[in-house]
Amino acid sequence: MTKPKRSSLIGVLAMTCCLAIFAGLASPQTFGLGSMSATASAAPASQVADKDAAGENSPVAVLHTRGFWRIFQSFGPPVVAGKPMLRNVPMLDETTPLPAEQWMQPDFDDAHWGRMPALRASRTPWLSRLYLRGKFEVTDPKLVEGLKVSAGFHGGAIVYVNGREVARVGLPAGAIKDTDLAAAYPQEAFMSGGKLATGDSWRGTSAAERERLRKARTRLIDNVEIPSSALRKGLNVLAVEIIRSPYDAAVETGGKFDLGWGTCEIRQVSLIADSGRGLVPNAVRPEGLQVWNSDSLMSDFDQDWGDRNEPLRPVELIAARNGVYSGKVVLGSTEPLKGIRAEAAELRGPSGAVIPASAVQVRYALPWGDESTRINYNDDLPAYPREAGTLSALVEKPPAEVAVAELRVPRNYAALPNEPEPVAGAVLPVWVTVRVPADARPGSYSGLVKVSVEGAPAIEVPVEVRVSPWKLPDTADFKTWVEMVQVPDTLSVEYEVPLWSEEHWRMIEQSLRMIGETGSRVVYVPLIAETNSGNAESMVRWIRKADGTYEYDFSILDRYLDLATKVMGEPKLVILEVWELYILDKAKYAKSGGQEARAIKYLEDLGALQGNGPIITLLDKESGKTENVFMPAYGDKESPRLWQPLMEQLRKRMSDRGLLGKTLFGTISDVVPKKEEVALFHSIAPEFGWVCHSHHGWSVGGKIYDMAPVVYQTRVWNISHYSGREDEKPGYGWRNPHLFVDYERHRNLNSFPPSTWRHLGEFNITGGQRGIGRLGADVWAIKDSRGRRTETVGKRFPHSSRRNLDLYSSALAPGPDGPVATQRYEAFREGIQECEARIFIEQALVDDELRARLGEPLEKRCRHVLHGRLLSMWRGLSNLQLTGPNWYKLNWRGDLSVAGSAYFLTSDWPERTAELYDVAAEVEAKLR
């Protein structure tokens, strides 16, 4: 046996978080912090109205593009040469609703519209109409001087002030019908040098030509003066409606469409006054402390601020009994936040029912992640005026202080006309999570969370929970398959604690508990060291005896399985990792299923480690020291003698735990072990099948070398989805008898918005898969010697790298004292709970006897609700682009879904969740 050469620690993959600053219902109460002596309301309007930062008689931005707007979006097929471009994809071909007719009126309730900077609206060919509402206060209409509105946009636009039209461009006079289009563009807006110009950043164009294209596509409303008669004292609303133009026939080539820019898009919008007299600007962060509502699927950023014209509304949760649900408000201030504290009270419900305060958890979102806000391939307008850091790591103890964020100019930033200088602030989201008791009485519950900050009066945040009569099963009984991987070494390296120390075990327990609450029950036990999982040691340590044989230290394995069972529940699978890429020998590698060339390419990079056999950890019983050594190759004649005693003891241990039929060997990837290696383990543990994590997967029900079955597999490709097309059949993947699931191995999965994480389960169980697998839990990027988070612990061992099959996702984050949940985790958990409600309904629909008991009206309602979820889900998961490297395709999984997520968050998604739970309750009542 020889000692393995050690690889240097490379650093670790930077985890990400969520999408963009979407605050579902902003609602700031505003407090003056000044010298930390606060008042209980906004400074009197008269004090603000007569001056601004530049002086009382200087121009002032009242509203601006990169400020916060309420946004609603309507979608429909792009119109090309006068005809809708249909693709036989329901979610693209069907139109979405328009807002209520009075949407532009100042008193219209837009609480369930999206809240974001105007540039976060979807930029996509499928956007047919875009509606924006910006709020500002007027203290005295007679004092307002030179109030003018300007806008740049694609398509046509109508601007309203308090419901009164003040400007129109690109549209005919009179009432606009639902099917009307804005004026068509000349062909030169689509062409450059005789070729189709796919977007503003089309590679073949010069800077001057790109500027020409921008100007050709951007229509303007320029400094239109708002008459004082259109204003009113108090709340005023600037409303903008943008309507698409048709595409020119030039966008079609050989039956393929390249729609590289949207013909319904906001580029800039501003409301500017000659001075600050008579009004209260709302274009940048106001002075003092604010509290505002934020949609639970909208990421919060350190550049966010609240709309002073919106009240603080309740945190609204749609819940099923026995489930866990979250909402949030956000604190923001122009001064550092100190002395932060939040306390939850009990929630009172119908007929005296109570959800105790102990079931209401309060957490605080600290900086973590780098969620992408890139809308499309031609995204040249950052949504924020300064770099925005994501706030996503949810900790239970409030930070001692939240500092005012730095103002750093983002890459590719360009100032927009009339853009005001941004104001820095300290921002802290406060999350409220409710664990609804399984026996809770259905109905509406309400209570308060009291939030306090040093120097300001306490703020009472209302919380309202609508509890459905339907009850979720316990997580152990979830039918949606979830596999979330725990990596002990991440915690040891991140917190600089010794492997398997008591402090290390405490943190492992935190990870396992959160993993278990998603329904995951898969446990990895590495029997060899330096695997792709990142384990520096084998979990079973070998002890060399005087006669050359070995005994084994199972203490770590036993404690790990005991702990997993305690905090997660009984494992559904225990995977014994016995094989890794570095074991292969290129010179001896036998052909297997066409994999030889790929294996050799891997092996060329392994260097001296390649072909030296498995690495195990030796333990010196007297000193307690450990060292890693190479064992003989599995094909060596000594291997059966070395491994059979270990396997015999492991089989007994698994049998004693009732896990013998749930134990598998791992791990096959795109490269498979040699025949003699599989034969060795099959001969000494024939009960154990194998696990495969690969691109294309294994034949369902197949065996490796006609010996051991491949029992569990996660696949990148060769999986099926159901989009709702008439020529497709639902997959009902949750009832698939074979255990294969989807592996979302995208390197940027952490950068995808929370709405994507919410649907990872549902888009699989509605297809052919049982669920989602090989998601990282505590697989975040660890710090390198320079403090940068670049790589995961698995990258310490490049000889085990599976390249883009490595783990790149992480649902948890490093908190101050151990792993904590992230916004991604909470979105994912709630999505799995929705999967269970869907499955409950579908079980009745696919069973003839149960379906008959439902009755035709309820059956139709079930199908309508489930189909509607499909359409909104797929639209929300899509990048909604038809340009770029594969411009003739519409990418569901391989590209950031920022544009789709912006749709989802402006579509009142909580109501669809409420419908789902309501229908599940109706089905349950019928089947009693």
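Please read these numbers as outputs of a predicted model, since none were measured by experiment.

1. Side note on empty space enclosed by the protein
Thought 1: Tallied over the full model, the rule gives eight cavities of 30 Å³ or more.
Thought 2: Roughly 150 Å³ of internal volume is contained in the largest cavity.
Thought 3: Around the largest cavity, the lining comprises 15 residues; the ones closest to its centre are Arg66, Ala283, Trp305, Pro385 and Pro422.
Thought 4: When grouped by side-chain class, the residues that make up the lining of the largest cavity number nine nonpolar, three polar and three charged.

2. Brief notes about unusual backbone geometry
Thought 1: The step from glycine 666 to threonine 667 runs through a cis peptide bond, and the omega angle for that step is 5°.
Thought 2: In this structure, threonine 667 sits in strand 40 (residues 663-668).
Thought 3: In this structure, asparagine 162 takes a positive phi of about 55° despite not being glycine.
Thought 4: Mapped onto the fold, asparagine 162 is located in the loop between strand 9 (156-161) and strand 10 (164-169).
Thought 5: Take asparagine 162: its relative accessible area is 13%, and that puts it in the buried class.
Thought 6: The backbone of tryptophan 500 shows a phi angle near 65°, a positive value even though the residue is not glycine.
Thought 7: Of note, tryptophan 500 is situated in the loop between helix 4 (488-495) and helix 5 (502-516).
Thought 8: Since its relative accessible area comes to 15%, tryptophan 500 is described here as buried.

3. Side note on the pattern of salt bridges
Thought 1: In total, this model carries 56 salt bridges according to the counting rule given.
Thought 2: For the salt bridge of arginine 168 with glutamate 165, the shortest nitrogen-to-oxygen distance reads 2.8 Å.
Thought 3: Here arginine 541 makes a salt bridge to aspartate 553, at a shortest N to O gap of 3.0 Å. Of the two residues, arginine 541 sits in strand 35 (residues 541-544) while aspartate 553 sits in strand 36 (residues 550-553), which places them 12 residues apart along the sequence. The same class applies to arginine 541 and to aspartate 553, which are both buried.
Thought 4: Through salt bridges with shared partners, a single ionic network connects Arg758, Glu762, Glu830, Glu834, Arg838, Glu842 and Arg869.

4. Looking at the confidence of the model for the chain
Thought 1: For the chain, the average pLDDT comes to 89, and 88% of its residues sit at 70 or higher.
Thought 2: Ignoring residues within four places in sequence, the model shows residues 5-55, a span with pLDDT below 50, making 233 contacts including any to other chains.
Thought 3: Across residues 588-595, confidence stays below pLDDT 50; counting only partners more than four residues off in sequence or on other chains, it has 13 contacts.

5. Some thoughts on the sheet that holds strand 35
Thought 1: Spatially, four strands are ordered 36-35-38-39 in an open sheet, and the strand pairing comes out mixed. Each end of this open sheet is capped by a strand with a single partner; those strands are strand 36 and strand 39 (626-630). When the angles between neighbouring strand axes are averaged without regard to direction, this sheet yields 45°.
Thought 2: By the bridge criterion, two bridges tie strand 35 to strand 38 (residues 615-619) in an arrangement that is parallel.

6. So, the sheet that holds strand 2 (residues 60-64)
Thought 1: On the basis of which strands lie adjacent, the open sheet formed by four strands has the order 2-17-8-13 and antiparallel pairing. Only two strands of the sheet have a single partner each, and these edge strands are strand 2 and strand 13 (219-225). Geometrically, the sheet is characterised by an average inter-axis angle of 15° between neighbouring strands, direction not taken into account.
Thought 2: In the sheet, strand 2 pairs with strand 17 (residues 265-273) via four bridges, with the strands oriented antiparallel. Bridge pairing in strand 17 places valine 60 opposite alanine 273.

7. Some details on the pairing of strand 31 (residues 443-452)
Thought 1: When strand 24 (residues 341-344) meets strand 31, the two strands line up antiparallel, connected through four bridges. Along strand 31, the bridge assignment pairs arginine 341 with serine 452.
Thought 2: Examined bridge by bridge, strand 31 and strand 32 (residues 459-471) share nine bridges and lie antiparallel to one another. If you follow serine 444 over to strand 32, its bridge partner there is arginine 466.
Thought 3: In this antiparallel pair of consecutive strands, strand 31 and strand 32, the connection spans six residues, and glycine 455 shows a positive phi of 90°.

8. Here's the deal with helix 8 (residues 639-656)
Thought 1: Over its 18 residues, helix 8 extends 26 Å from the first C-alpha to the last, a length consistent with the 26 Å expected when each residue adds 1.5 Å.
Thought 2: Among the residues making up helix 8, those that are buried are Ser639, Leu642, Trp643, Leu646, Met647, Leu650 and Met654. All buried residues of helix 8 lie within an arc of 105° about the axis, which places them on one face of the element. Of the exposed residues in helix 8, the ones pointing more than 90 degrees away from its buried face are Lys652 and Asp656.
Thought 3: One or two positions beyond helix 8, positive phi appears at glycine 658, with a value near 75°.

What counts and what doesn't
- Residues numbered from 1 in each chain as written.
- Predicted model: local features only at pLDDT ≥ 70, side-chain atom pairs only at ≥ 80, totals over all residues.
- Heavy atoms only, no water.
- 1 Å grid on protein atoms, 1.4 Å probe; cavity = no way out; pocket = protein on both sides within 12 Å on 5 of 7 lines; lining within 4 Å.
- Points joined across faces, edges and corners; volume = space filled by probe spheres on them.
- Nonpolar A, V, L, I, M, F, W, Y, C, P; charged D, E, K, R; others polar.
- Helix = DSSP H or I, 4+ residues; strand = E, 2+ residues; numbered from the N terminus.
- Buried < 20%, exposed > 50% of the residue type's maximum accessible area, 1.4 Å probe, protein only.
- Salt bridge = Lys/Arg side-chain N within 4 Å of Asp/Glu carboxyl O.
- pLDDT = per-residue confidence, 0-100.
- Contact = heavy atoms within 4.5 Å.
- Pairing = 2+ DSSP bridges.
- Axes fitted to C-alpha atoms, helices over the stretch in contact; angles between N-to-C directions.
- Expected span 1.5 Å × (residues − 1).
- Arc of directions from axis to C-beta.

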